Amino acid sequence: MSSRAARIHLSLRVHPERVPALVAFYSTLFGVGPRKRHDDYVQFDLDEPPLNLTLTPSATARRGEVDHLGIQVFSEAALLVFRRRLGDAGLVVRDEAGTECCYARQDKFWLTDPEGREVEVFHKLADIQTHGGGTPTPAPSACCAPDGCADG
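Residues numbered from 1 in each chain as written. Predicted model: local features only at pLDDT ≥ 70, side-chain atom pairs only at ≥ 80, totals over all residues. Heavy atoms only, no water.

Honestly, the packing of aromatic side chains in this entry has me stumped. Any pointers?
A ring pair, where both rings are aromatic, is described by two values, the distance of the centres and the angle of the planes. Scanning all chains against the criterion turns up five aromatic pairs. Considering the side-chain rings of phenylalanine 25 and tyrosine 26, the 4.9 Å spacing of their centres and the 85° angle between planes classify their relative orientation as edge-to-face. Overall, the relative accessible area of 48% leaves phenylalanine 25 in the partly exposed class. Here a set of aromatic residues connected by ring pairs shows up, and it is made of Phe25, Tyr26, Phe30 and Phe44. (Phe/Tyr/Trp six-rings, centres within 6.5 Å; stacked < 30°, edge-to-face > 60°. Buried < 20%, exposed > 50% of the residue type's maximum accessible area, 1.4 Å probe, protein only.)

What follows is the structure, given as structure tokens:
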């Protein structure tokens, strides 16, 4: 686990047939394999560069598709600081406390950027053994996007 206050999260929606090649590519690029690897989810959790990169398989994925963006923080206090600052700036924040998705239990909130991209700020509470229910999303295969997820 990183001692940093936050790190960038990038979730890529990928076609299931491309997962092995992508895992091999990113393992070579980062010099380390994924921290979590399941049929429906792959996570690289890096201190250097400070990045939480996930691959979310979807049969309808287009090449180069971003699922969602985010910032991972490492304490509830940091999550509250982010939330308060963004809310005070007038941004609409959608809270999710204790949600289970992406093989983790998390407290988080979501925002939508001016072009409609979902952005999450989250604090992982614990790893779990299931993908989790998440919530539905406009793109049905997105892992944990705020409007839901058919497969978590």
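Let's pick the thread back up.
Mind showing me how you'd approach the pattern of salt bridges here?
Side chains that differ in charge, positive against negative, can pair when their charged atoms come close. The full count for this structure, using the stated rule, is 14 salt bridges. Residue aspartate 47 pairs with arginine 7 through a salt bridge whose shortest N-O separation is 3.5 Å. Of this pair, aspartate 47 sits in the loop between strand S3 (41-46) and strand S4 (51-57) while arginine 7 sits in strand S1 (residues 6-14), and the two are 40 residues apart along the sequence. A residue is classified by how much of its surface remains accessible, and aspartate 47, at 37% relative accessible area, is partly exposed. Relative accessible area serves as the criterion here: at 4%, arginine 7 is assigned to the buried category. The salt bridge involving glutamate 65 is made with arginine 62; its shortest N-O contact spans 3.8 Å. A relative accessible area of 13% places glutamate 65 in the buried class. Judged by relative accessible area, arginine 62 falls into the exposed class, the value being 58%. Three or more residues are tied together by salt bridges with common partners; here these are Arg7, Arg35, Lys36, Asp45, Asp47, Lys124 and Asp127. (Salt bridge = Lys/Arg side-chain N within 4 Å of Asp/Glu carboxyl O. Helix = DSSP H or I, 4+ residues; strand = E, 2+ residues; numbered from the N terminus.)

Can you walk me through the pairing of strand S8 (residues 118-127) in this structure?
By the criterion of burial, S8 is predominantly enclosed, with seven of the ten residues buried. Strand direction decides the pairing type here: strand S5 (residues 66-73) and S8, joined by five bridges, are parallel. If you follow leucine 69 over to S8, its bridge partner there is valine 119. Note: strand S7 (residues 104-112) against S8, nine bridges, orientation antiparallel. The residue of S8 that forms the bridge with aspartate 107 is histidine 123. Following S7, the chain reverses through five residues before pairing antiparallel with S8; glycine 116 in that reversal takes a positive phi of roughly 95°. (Pairing = 2+ DSSP bridges.)

Teacher, can you tell me more about unusual backbone geometry here?
One can expect most non-glycine residues to show negative phi and most peptide bonds to be in trans. That bond from glutamate 48 to proline 49 is cis: its omega, -10°, falls within 30 degrees of zero. Tracing the backbone through its elements, the reader meets proline 49 in the loop between S3 and S4. Notably, cysteine 102 is not glycine yet its phi reads approximately 60°, a positive angle. Residue position: cysteine 102 is located in the loop between strand S6 (94-101) and S7. With a phi close to 60°, tyrosine 103 is a non-glycine residue in the positive phi region. Mapping tyrosine 103 onto the fold places it in the loop between S6 and S7. On the basis of relative accessible area, tyrosine 103 is assigned to the buried category, the value being 7%.

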